[in-house]
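Understanding the architecture of this molecule
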Amino acid sequence: MRTLKSIPFLILLCLTFGSGLLAQQPVYQDKPFWQDFSVKFYAEKPTLQEVYCDRNGAVKVMASDGLMHPYDGQFLFPGKLLTDNSYRTLKNKKIAAIALHDQQIVYLDDKAVLSNAWAGSLYCKHELPGARMLAGSPGFAFLISDGSGLHLVRDSQTLFKGRVTDDEVIELRYHEAGKLFWILGKKALYSFKPAGNTLSTVFEGANFTAFDLTDQGRKVVIGTSDGYLEVDVATRKQSGDIRRKLPDPRITAVREVAGKLWFGSPTGAFALRPDGKFDYYNGERWLPGNEVVQIEKGPKQSVLVLTKGGLGQICFKSMTLHDKAMVFEEQVRSRHIRNGFNASLDGLEKGNIATGYMSDSDNDGLWTSMYLAGEVFRYAATKDPDALQNCRESLDAMERLYTINPVPGFPARSFERSGFGKSLADPERWQHAKDPEWDWKATTSSDEAIGHIFAFGAIAELIPDPVMKKKAVTLIDTLMSHIVRNDLYLIDYDGKPTLWGKWNPKYVNGFDVSVGDRKLNSSNIIGMLQTAYFFTKKEKYRQKAFELMDKHGYLENLMRPMSVIGRAPDSADPHAKNLSESWNHSDDEMYFVGYWGLYRYAFNETLKAQYKKAILDHWQAERPEKEGAWNIFTAMVGTKEFDLPEAVWYLQEHPLDLIDWNIQNSHRKDIEMLASNFRNQTTKEVLPPDERPVQRHNANMFSLDRTRGNGVSEHSAGDIWLLPYWMGRYLGVISGPVTESAISRK
């Protein structure tokens, strides 16, 4: 998808946003862009050799055992390559190659060049029985080759016979403007002019593998086993140096499609962008196999990538962010809502979404809170009744977390029907509910608590339904009363604090200032207490918050710059050292989710101004990740200093396919790797979301590879994508869909 230059922006002077902020902020006008996705067709046994698409959109594949064609594939539902029986009269032909001539499929067998187009009138005999490649020119003259010999044939007459010496022909192309054929050998590039039957050596080299004419026939791009080079057609000399900083320099295919230069390699396909970087298609998110054989133009603005495992059709569809949101809304509602929770789909058989089950999670409450908040923002921005009903159903699930266990005010992590404890995640954490039909999960963490308060606060503020509003406020009061009553701890069924549910000063200030939990827990609990006070007006919450800030340094803790956060000192205890081995991206998630209550429900304007500084300081630390959610959360403070282009980049570049396919990037030669560091930033620049593993916001956006459980689960878009999008819509930094007929190609 891809280049940032194609993202249209309009800077508007906004007097007010939906959030009520007075500010001048950039607003992204949601015009259509090209969204890419893949349709895959798997092949079982034959060796795949060539693929072409004719003017009717019919796709033909040449395989070792004959012709094949794609069958029954669509997005997320792979098809197959099956034997092509459409022309039974071709069965007795020993077809060795196919090609495209004047947008029609032509065949090469041991006797002739033939076609079913032109009423079947093309049948041009030849004298090269081992011929295995061909290219056509106007007037139905065809240059054919067996890898050494070259014959020009027309009307069953051989007009020229020649051969390349000490070389092997790889590919043939006809150049309309030059009225000549280009011939690529492993060691040289040749030209053949039918007028005069002149065969010439144009450019010599080594390890040539593939080529194409580009830039309207002004350049020849030659792929090699170690990069690619360009030859100027006019001067017949190399332009510039060989380019090796590629995702994989071992080029197996070269093709210009719709003005864009595509390459194949043993590890996937990649396309050259206007900024000189590459869009990389690796793994079964995009291709049925990584070893690329050929690339060709496909039907309806698609690109066909033939691999040893099958055919990948990279499709490009015009859509707005709103269109994409509707795709993801359907994805969530159709297969990711479990008892009202926002759940993952696990147990897939090689990406088959019909084979999965909705799984439980340690963080059912957090992932659901983030999805629920997104639907709150959706309703606030659009007044869509479906969004309101989605909120209602997930709020019911969240409320039941508090009633299914026997501890007053304590939220369970999750709940599930009884009798399946051994098959659930962390079976030792599950407890039997009073109702024998149900079990609930204990050991609730601070992640859950901050997520609950975020979602309940958004409902209490933005949902007009009085029943839902009252329920949300009651749940805020219920959770925070439990925490305050228990000396700022979450107390589990066993009467002990959970491992992570601790905001007590003895615990928080027991960490060195460099340990992130000291700053994080201070920030979270102040935001939680402010939210509780804002909606309940109970003085105990305000008093506790100021006690923590004035007597225990929680304001100082939360204002501490992110640059201070690092590894614990040598004198620290093992727990502190374990917490600070590297940057914790789950902490980032908890911070930003908590910033909603910290900033929005601040006790006074003085504190609000200080919180803004803390949020902007954190955002600065996170900027290299180009994290869509963190940029949109930062927009909440009414500043122009958040990266709206990067937020839109995240939303546009995010793949539609959220299956956990294996992805590999660490081998790439076009990315600049960094030395090992505290933040685990692996590369100088973060890769686009559709080139890296699918991840929630609590993961490292610089993760390059995923090499486990290929195609066994699907993430929900509810927390990953819908939350930042709908929050951006509510805050007014992303507009509703804008109709525009002309859009720029990625």
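A brief structural summary. All values reported here derive from a predicted model rather than from experimental measurement. (Residues numbered from 1 in each chain as written. Predicted model: local features only at pLDDT ≥ 70, side-chain atom pairs only at ≥ 80, totals over all residues. Heavy atoms only, no water.)

Secondary-structure assignment places Thr-368 in helix H2 (residues 364-382). Ignoring anything within four residues of it in the chain, the contact list for Thr-368 reads Gly-340, Phe-341, Asn-342, Ser-394 and Met-398. (Helix = DSSP H or I, 4+ residues; strand = E, 2+ residues; numbered from the N terminus. Contact = heavy atoms within 4.5 Å.)

Strand order in the open sheet formed by 3 strands is E34-E33-E40, and the pairing between neighbours is antiparallel. Each having just a single partner strand, strand E34 (357-358) and strand E40 (713-714) make up the two edges of the open sheet. (Pairing = 2+ DSSP bridges.)

A word on the packing of helix H11 (residues 585-600) against helix H13 (residues 628-635). Direction vectors running N to C along H11 and H13 enclose 25°, while the axes themselves pass 10 Å from each other. Classified by the interaxial angle, the pair formed by H11 and H13 is roughly parallel. Note that H11 runs across H13; the crossing there is left-handed. Residue-level contacts link Asp-588, Glu-589, Phe-592 and Val-593 of H11 to Trp-630, Phe-633 and Thr-634 of H13. Among the residues making up the contact of H11 with H13, the classes are represented as 4 nonpolar, 1 polar and 2 charged. (Axes fitted to C-alpha atoms, helices over the stretch in contact; angles between N-to-C directions. Parallel < 35°, antiparallel > 145°, perpendicular 65-115°, else oblique. Left-handed = near helix turned anticlockwise from the far one by under 90°. Nonpolar A, V, L, I, M, F, W, Y, C, P; charged D, E, K, R; others polar.)

Further remarks concern helix H14 (residues 644-653). Among the 10 residues that make up H14, 9 are buried, leaving the element largely enclosed by the rest of the structure. Looking at H14, one finds that the buried residues are Leu-644, Glu-646, Ala-647, Val-648, Trp-649, Tyr-650, Leu-651, Gln-652 and Glu-653. (Buried < 20%, exposed > 50% of the residue type's maximum accessible area, 1.4 Å probe, protein only.)

So, about the packing of aromatic side chains. By the definition in use, this model includes 38 aromatic pairs. Measuring from ring centre to ring centre gives 6.1 Å for Tyr-591 and Tyr-595, while their planes differ by 35°; the resulting arrangement is tilted. Of the two residues, Tyr-591 and Tyr-595 both sit in helix H11, 4 residues apart, roughly one turn of that helix. Judged on exposure class, the residue Tyr-591 and its partner Tyr-595 are both buried. Judged by centre distance (6.5 Å) and plane angle (55°), the ring pair of Phe-592 and Phe-633 falls under tilted. Residue Phe-592 is located in helix H11, and its partner Phe-633 is located in helix H13; the two are separated by 41 residues in the primary sequence. Like Phe-592, the residue Phe-633 is buried in the burial classification. Cluster of aromatic residues (ring-pair linked, three or more members): Phe-377, Phe-454, Tyr-591, Phe-592, Tyr-595, Trp-596, Trp-630, Phe-633 and Tyr-730. One residue, Arg-400, lies across the ring of Trp-438, its end atom 4.2 Å from the ring centre. For Lys-626, the ring lying beneath its charged end belongs to Trp-649, and the centroid distance is 5.0 Å. (Phe/Tyr/Trp six-rings, centres within 6.5 Å; stacked < 30°, edge-to-face > 60°. Lys NZ or Arg CZ within 6 Å of the ring centre and 35° of its normal.)

On to the nonpolar core. Among the nonpolar cores identified, the biggest contains 153 residues, and Phe-377, Met-480, Ile-525, Ile-526 and Tyr-611 are the most heavily contacted of them. Once residues within four sequence positions are removed from consideration, Ile-525 is found in contact with Met-480, Ile-483, Leu-488, Trp-503, Leu-548 and Tyr-554. (Core = buried A, V, L, I, M, F, W, Y, C linked by side-chain atoms within 4.5 Å.)

For the rest of this paragraph, the subject is the pattern of salt bridges. As enumerated under the stated definition, the model contains 48 salt bridges in all. With a closest N to O distance of 3.8 Å, Arg-255 and Asp-212 form a salt bridge. Residue Arg-255 is located in strand E24 (residues 253-257), and its partner Asp-212 is located in strand E20 (residues 208-214); the two are separated by 43 residues in the primary sequence. Look at Arg-255 and you get buried, because its relative accessible area is 7%. Close ionic contact of Asp-384 with Arg-378 constitutes a salt bridge, the shortest N to O distance being 3.0 Å. Overall, the relative accessible area of 23% leaves Asp-384 in the partly exposed class. (Salt bridge = Lys/Arg side-chain N within 4 Å of Asp/Glu carboxyl O.)

Moving on to the side chain of Asp-643. Checked against the element boundaries, Asp-643 lands in the loop between H13 and H14. Look past the residues within four positions of Asp-643 in its chain and what remains in contact with it is Trp-619, Arg-623 and Asn-631.

What follows concerns unusual backbone geometry. Phi is positive for Asp-215, which is not a glycine, with a value near 50°. With respect to the helices and strands, the residue Asp-215 is situated in the loop between E20 and strand E21 (219-224). Judged by its relative accessible area of 29%, Asp-215 falls in the partly exposed class.

So, about the pairing of strand E29 (residues 303-307). Of all the 5 residues making up E29, 5 are buried; the element is thus mostly covered by neighbouring parts of the structure. Burial along E29 is two-sided: the residues Val-303, Val-305 and Thr-307 and Leu-304 and Leu-306 are all buried. Taken together, the 5 bridges between strand E28 (residues 292-297) and E29 define a ladder with antiparallel strand orientation. Bridge pairing links Val-292 to Thr-307 in E29. Where E28 folds back onto E29 in an antiparallel hairpin, the turn is made up of 5 residues, including Lys-300, whose phi is positive at roughly 50°. Note that E29 and strand E30 (residues 310-319) share 5 bridges and pair antiparallel. The residue bridging Val-305 from the neighbouring strand is Gly-312, located in E30. The loop that links E29 with its antiparallel partner E30 comprises 2 residues.

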